[in-house]
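What the coordinates show
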Amino acid sequence: MQDRESSSLTSPRASLGELFVSFLKIGAFTFGGGWAMISIIEREIVDKKGWIRREEFLDLLALAQSLPGILAVNIAVAVGDRTCSRRGAVTAALGTILPSFLIILAIAIFLTPDLIKSNRVLSSVFMGIRPAVVALIVAPVISSAKAAKLTLKTVWIPVLVALLISLNIGFISNPIVYIVLGALGGWLYFKWSVRKLRKTKGGDA
Amino acid sequence: MIYLKLIWAYIKIGIFGFGGGYAMLSLVEHSVVDPGWISETMFTDIVAISQMTPGPIGINSATYIGYVAPGAVEPSLAGSPLWGLLGSVACTLAVVVPSFLMVLYGSPFHRRTQGERNYKGHIHRAASGSRRADSLCRNTSHELSEFLPHRTAPGVDNQRGDMCGGVCSGVFSPSARPSQGEAPPHSGNNNGRLGRFPYIWTLRKQNMTKPSSGFSGSCRCSHA
């Protein structure tokens, strides 16, 4: 109760309906997934409506980004939870999902795989699109490789994992294994570096 | 049966899909194409369609795959679009629910560590701390004023008052100085809580020839 009072003092209260409409608009008019959505969510929620302060939004973004799942939905849930607690989280998530769900459903109903195969125009259109999809997937690979600061020493890890996954042999090519292994490796490295730091500090003292 | 398999596959994708849409694609491909629910070319087409339509690519592909997969696996389900609708609802919810729960139960933790409530609690503690310090300060400064001569040079008096304030805010309410951590507690501009102590306030007013610059600021600070 106190929490709610304090937030109403600092920022205008969002009603569930407003929250839903805002995220519905965001879900319906943003192309290109996660990061394209973030700037639009920020403009709508922070600048236009003022439900959340910018620093708080950046905190929520960090939270949404570090958790698995779809980034746009995560940030919607976090923003909804912050503005209207649990009901707001559900509302914001549904608002984000609903437009793309309905649009894709309409497309899926009319654009069945059989239609793509049998219609000559459509099949040639998709023939042309397929190479472009490869480019679409390679582009984020390059940008995330840059973001991960791969060097010659570490570049073998993603290359090896990609090869193992594409070999397609049972357990070895399960991506989940590598996600868990990567998390484990990061944790062990953290432990190791903390211990190293403590040792050097102890030596100095 | 295929629905349960789809839901399970998409829950796994939701739990392990770090890094957003494109990073999830390999996981989606592994869990949807490898069991033979959808062909490789169909998957490529779905990625293209997901990219061309608005909305997050993870949701788009989940909806489309959920619609197509039941009909592809069990031909008896291919006739009516209702089965596809059921599949797309199941997949879309399954991919969202794990991260939804994680954000919801990660979010209160987050709020507890950095949010409004903590900030408010901080101020509450600061206020009660300064109230306690207030009563103590009355006594201390009274005793101090007995010892120290009353009307001497303004610099000395200033020193005395500040010393008092420094002792009070430093010892009795260590958390009562949220933003003034850089300056030492007994420096001239850092009379933080003194505005709240009527006794010292009047004492200083009597003794000082001109008010210090930090005075008005200190009043506002104590009410923040």
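For clarity, every value in this text was computed on a predicted model and none was experimentally measured.

A tally of regular secondary structure across chain B gives nine helices and zero strands. Start at the N end of chain B and walk to the C end: the helices and strands fall as α-α-α-α-α-α-α-α-α. For chain B, with 224 residues in total, the buried portion stands at 46%. Taking all contacts inside chain B whose residues are at least 6 apart in sequence as the whole, residues at least 24 apart take part in 58%. Carbon and sulfur atoms provide 64% of the accessible area of chain B, an area that totals close to 11000 Å².

Attention now moves to the side chain of B:Thr53. By the secondary structure assignment, B:Thr53 is in the loop between helix H3 (40–52) and helix H4 (57–73). Owing to a relative accessible area of 8%, B:Thr53 belongs among the buried residues under this scheme. A polar contact is formed between the side chain of B:Thr53 and the backbone oxygen of B:Ile49, at a distance of 2.9 Å. There is a polar contact of 3.4 Å between the side chain of B:Thr53 and the backbone oxygen of B:Ser50. If near-sequence neighbours (up to four positions away) are discounted, B:Thr53 is found in contact with A:Phe31, A:Ile103, A:Ile104, A:Ile107 and B:Asn60.

Counting 77 residues, the largest nonpolar core has A:Phe23, A:Ile75, B:Tyr10, B:Tyr64, B:Ile65 and B:Val95 as the members making the most contacts within it. With 17 residues, helix H5 (residues 71–110) of chain A is the single largest residue contributor to this core. Those residues in contact with A:Phe23 that lie beyond four places of it in its chain are A:Ile41, A:Ile45, A:Ala76, A:Val79, A:Ala92, A:Gly95 and A:Thr96.

Residue and element names in this part refer to chain A. Taken as a whole and judged by the stated rule, the model has eight salt bridges over all chains. The closest approach of N and O atoms between Glu-44 and Lys-25, which form a salt bridge, is 3.9 Å. Note that Glu-44 is positioned in helix H3 (residues 33–48) and Lys-25 in helix H2 (residues 16–29), a separation of 19 residues in sequence. Judged by relative accessible area, which is 8%, Glu-44 ranks as buried. By relative accessible area, which is 35% here, Lys-25 ends up partly exposed.

Below, the discussion takes up the environment of B:Ser26. Considering the arrangement of structural elements, one finds B:Ser26 in helix H2 (residues 20–32). Residues B:Ser26 and B:Ile13, 13 residues apart in the sequence, show an inter-C-alpha distance of 9.9 Å.

What follows concerns the confidence of the model for chain B. Residues and elements named next belong to chain B. On average, residues of chain B score 64 in pLDDT, and 47% of them reach the 70 mark or higher. Every residue in residues 112–125 scores below 50 in pLDDT, and together they form 18 contacts with partners more than four places removed in sequence or on other chains. Across residues 147–224 the pLDDT falls below 50, and counting only partners more than four positions away or on other chains, this stretch makes 97 contacts in the model. Here the complex is predicted with pTM 0.67, and the ipTM for its interfaces comes to 0.82.

Moving on to the interface of chain A and chain B. Contacts between the two partners involve 58 residues from chain A, matched on the other side by 57 residues from chain B. Surface buried jointly by chain A and chain B totals about 5300 Å² across both partners, of which 72% is contributed by carbon and sulfur atoms. Three residues, A:Pro68, A:Ile70 and A:Ile104, lead the burial of chain A against chain B; their summed loss comes to 12% of the area buried on that side. At the junction of chain A with chain B, the criterion picks out one salt bridge. One salt bridge in this structure joins A:Arg130 and B:Asp45, with 2.8 Å as the shortest N-O distance. Counting residues per element, the ones that place at least two in the side of chain A that touches chain B are helix H1 (2–10), H2, H3, helix H4 (54–66), H5, helix H6 (113–118), helix H7 (120–147) and helix H9 (175–204) of chain A. If one sorts the elements of the side of chain A that touches chain B by residue count, H5(A) sits on top with 20 residues. Of the residues that constitute the side of chain A that touches chain B, the class distribution is 37 nonpolar, 14 polar and seven charged.

Looking now at H2(B). All names here are of chain B. Spanning 13 residues, H2 covers 18 Å between terminal C-alpha atoms, matching the ideal 18 Å at 1.5 Å per step. Remark: the principal bend of H2, roughly 35 degrees, maps to Ser-26. Those residues of H2 that sit buried are Gly-20, Met-24, Leu-25, Leu-27, Val-28, His-30, Ser-31 and Val-32.

When two helices pack together, their arrangement is captured by the angle between the axes and the distance separating the axes. Residues and elements named next belong to chain B. In the contact formed by H3 and H4, the axes pass within 9 Å of each other and the chain directions differ by 130 degrees. Comparing the axis directions of H3 and H4 gives the class oblique. Crossing of H3 over H4 shows right-handed handedness. Touching Met-42, Phe-43, Ile-46, Val-47, Ile-49, Ser-50 and Gln-51 of H3 are Ile-57, Asn-60, Ser-61, Tyr-64 and Ile-65, all from H4. Residues belonging to the contact of H3 with H4 are distributed by class as follows: eight nonpolar, four polar and no charged.

Okay, unusual backbone geometry next. Glycine aside, a negative phi is what most residues show, and trans is what most peptide bonds show. Residue and element names in this part refer to chain A. Phi is positive for Ser-85, close to 50 degrees, though the residue is something other than glycine. Locating Ser-85 in the fold gives a position in helix H5. A relative accessible area of 29% places Ser-85 in the partly exposed class. The phi dihedral of Lys-149 is positive, around 55 degrees, even though this residue is not glycine. For Lys-149, the position within the fold is in the loop between H7 and helix H8 (156–167). The exposed category is assigned to Lys-149, whose relative accessible area is 68%.

A word on the environment of A:Pro113. With respect to the secondary-structure elements, A:Pro113 resides in helix H6. Taking the C-alpha atoms as reference points, A:Pro113 and A:Ser123, separated by 10 residues in sequence, lie 9.8 Å from one another. The contact partners of A:Pro113, leaving out residues within four places of it in the chain, are B:Met42 and B:Val68.

The rules behind the values
- One numbering rule holds for all chains: residues counted from 1, following each sequence as written.
- Labels are handed out in written order, letters beginning with A for the chains and numbers beginning with 1 for the ligands.
- Given that this is a predicted model, residues contribute local features only at a pLDDT of at least 70 and side-chain atom pairs are listed and counted only at 80 or more, while totals for whole chains, interfaces and linings are drawn from all residues.
- Side-chain figures throughout are based on the complete set of non-hydrogen atoms in the structure, without hydrogens or water.
- Helical segments are the DSSP runs of H or I of at least four residues, strand segments are the runs of E of at least two, and each set is numbered from the N terminus.
- Residue exposure (1.4 Å probe, protein chains only): buried if accessible area is under 20% of the type maximum, exposed if over 50%, otherwise partly exposed.
- Contacts are assigned to residue pairs with any non-hydrogen atoms lying within 4.5 Å of each other.
- Method for areas: the Shrake-Rupley scheme with a 1.4 Å probe, in which residue coverage is limited to the protein chains shown.
- Polar contact is the term for a pair of N or O atoms within 3.5 Å; when the atoms are in protein, one must be able to donate a hydrogen and the other to accept it, and sequence-neighboring residues count only if both atoms are side-chain atoms.
- In this description, a nonpolar core means a group of buried Ala, Val, Leu, Ile, Met, Phe, Trp, Tyr and Cys residues linked to one another through side-chain atoms lying within 4.5 Å.
- Salt bridge criterion: a side-chain nitrogen from Lys or Arg within 4 Å of a carboxyl oxygen from Asp or Glu.
- Summary of the metric used: pLDDT quantifies the predictor's per-residue confidence within the range 0 to 100.
- Joining two parts hides part of their accessible area as seen by a 1.4 Å probe, and the buried area is that hidden amount summed over both.
- Polarity classes work like this: nonpolar for Ala, Val, Leu, Ile, Met, Phe, Trp, Tyr, Cys and Pro, charged for Asp, Glu, Lys and Arg, and polar for all others, with Gly in that last group.
- A helix is expected to reach a length of 1.5 Å times the quantity of its residues less one.
- The reported bend at a residue is simply the angle between two axes, fitted to the 7 residues ending at it and to the 7 residues beginning with it.
- Fitted lines through C-alpha atoms serve as axes, helices being fitted only where they are in contact, and the angles separating the N-to-C directions of these axes extend from 0 to 180 degrees.
- Throughout this description, any angle smaller than 35 degrees is read as roughly parallel, any larger than 145 degrees as roughly antiparallel, any in the 65 to 115 degree range as roughly perpendicular, and the remainder as oblique.
- Each helix crossing is assigned a hand: it is left-handed if the near helix lies turned anticlockwise from the far helix by less than a right angle, otherwise right-handed if that turn is clockwise.

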